[in-house]
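# Fold and geometry: a report
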Amino acid sequence: MARKNAPNAGDARADLLSRAAHNAEGGAQCRSDPLADAKAARAVVEAAHEHSAELSRRGLPHSYGEAALQLAQQIEEHLQALPAAAVTARGRSPEMAELLADAASTALAVRSAVLRVARGPDGRRVARDFGLGEPFSARQPAHVLRALSRILEALERHREVRVDLGVQGEDVQTLQDLLRDLGKLPGAGGPASDEQAQLYEAQGALRVFFDLFAAKASLALAGDPDERSRLLSLIPRTDDRRHLRREPTRASG
């Protein structure tokens, strides 16, 4: 695709964030270490600079590298701020901590089960309705509360998925009880746009940059497999939990 004007770093960053948000709408959940991603960004951007002419010609100008470095710095800043949340967690009583752990475990179990049955053309939409792709931290009451709410709403909306999951009336009652009890915990009604959510957003955008870099470098260096392998090895591996990729015959896109 021909470029009219090379975007600046701000435009590039906005594009990466937009792409990451679109991925999240598909229920994408990338499991990778955010600090490892942030540190790898510097090496990946340096490698992109070495092949800047070819990558820019293929639609990845240097401004995307600048945006990636900004996102990496943002990730590190959010990680430094997270210990404050850990201090709050340590102030919970054993009963409160047990309730939060039970609720988080239940939400994760349902979300994992949804990944196994919500496939096909509507799979992404269904997974999104169940909360897949949204920030989730088992230590954040607001995150767990939102996850339980999404699950209960989706179980009513997608009766066929409920049947496939084998959800019984007592399971729904358990979810409702957890939702009610969890709502009484301090912090459960807090805003979702906390450090964890902002970290999730920045990391998702950085992973988009990695994907664009990998895709374009793979084609640009098709004739140099050694250099191509070197560049791709700079990107931290991730356990991509996007449910559609579980289908063995479907290529990722």
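Scroll up a little and you will see the structure.
To start, this report covers the structure provided alongside it. (Residues numbered from 1 in each chain as written. Predicted model: local features only at pLDDT ≥ 70, side-chain atom pairs only at ≥ 80, totals over all residues. Heavy atoms only, no water.)

Let us look at helix H8 (residues 141-157). For H8, with 17 residues, the first-to-last C-alpha span of 24 Å sits near the 24 Å given by 1.5 Å per residue. When you tally the buried positions in H8, you get twelve out of 17 residues, the bulk of the element. The inward-facing, buried residues of H8 abut helix H6 (94-117), helix H7 (123-129), helix H9 (159-165), helix H10 (169-182) and helix H11 (195-220). (Helix = DSSP H or I, 4+ residues; strand = E, 2+ residues; numbered from the N terminus. Expected span 1.5 Å × (residues − 1). Buried < 20%, exposed > 50% of the residue type's maximum accessible area, 1.4 Å probe, protein only. Contact = heavy atoms within 4.5 Å.)

The subject of this paragraph is the packing of H11 against helix H12 (residues 225-232). A pair of packed helices can be characterised by two numbers: the angle between their axes and the separation between those axes. Contact geometry for H11 and H12: axes closest at 10 Å, N-to-C directions at 175°. Here H12 runs roughly antiparallel to H11, going by the angle between their axes. Facing H11, whose interface residues are Phe213, Ala214, Ala217 and Ser218, H12 presents Arg228, Leu231 and Leu232. Partitioning the contact of H11 with H12 into residue classes produces five nonpolar, one polar and one charged. (Axes fitted to C-alpha atoms, helices over the stretch in contact; angles between N-to-C directions. Parallel < 35°, antiparallel > 145°, perpendicular 65-115°, else oblique. Nonpolar A, V, L, I, M, F, W, Y, C, P; charged D, E, K, R; others polar.)

Tallied over the entire structure, the rule returns 16 salt bridges. Here Asp37 and Arg207 are joined by a salt bridge, their closest N and O atoms 2.8 Å apart. In this pair, Asp37 is assigned in helix H2 (residues 34-50) and Arg207 in helix H11, connecting sequence segments 170 residues apart. The partner of Asp181 in a salt bridge is Arg180, with the nearest N and O atoms 3.4 Å apart. Its relative accessible area of 47% is what places Arg180 among the partly exposed residues. Through salt bridges with shared partners, a single network forms among Asp122, Arg125, Asp129 and Arg157. (Salt bridge = Lys/Arg side-chain N within 4 Å of Asp/Glu carboxyl O.)

Here Gln74 lies in helix H4 (residues 62-81). Here Arg13 takes part through its side chain, which lies 2.5 Å from a polar atom of the side chain of Gln74. In this structure Gln74 touches Arg13, Gln198 and Ala202, once residues within four positions along its chain are discounted. (Polar contact = N/O pair within 3.5 Å; in protein donor to acceptor, adjacent residues only side chain to side chain.)

What follows deals with the packing of aromatic side chains. Considering all chains together, one arrives at two aromatic pairs under this definition. Residues Phe209 and Phe210 carry aromatic rings whose centres are separated by 6.2 Å and whose planes lie at 50° to one another, so their mutual orientation is tilted. There is no split in this pair, since Phe209 and Phe210 are both buried. Residues Phe209 and Phe213 carry aromatic rings whose centres are separated by 6.5 Å and whose planes lie at 25° to one another, so their mutual orientation is stacked. Taken as a pair, Phe209 and Phe213 lie in helix H11 at a separation of four residues, close to a single helical turn. Exposure remark for Phe209: the relative accessible area of 1% places this residue in the buried category. Under the relative-accessibility criterion, Phe213 is labelled buried at 0%. Aromatic rings pair up to connect Phe209, Phe210 and Phe213 into one cluster. We note Arg111 situated over the ring of Phe136; from NZ or CZ to the ring centre the distance is 4.8 Å. (Phe/Tyr/Trp six-rings, centres within 6.5 Å; stacked < 30°, edge-to-face > 60°. Lys NZ or Arg CZ within 6 Å of the ring centre and 35° of its normal.)

Here we take up the environment of Phe130. Among the secondary structure elements, Phe130 is positioned in the loop between H7 and H8. Judged by relative accessible area, which is 0%, Phe130 ranks as buried. Expressed as a C-alpha distance, the spacing of Phe130 and His158, which sit 28 residues apart in the sequence, is 9.5 Å. With near-sequence residues (within four places) excluded, Phe130 lies in contact with Arg111, Val114, Arg150, Ile151, Ala154, Leu155, His158, Val161 and Leu165.

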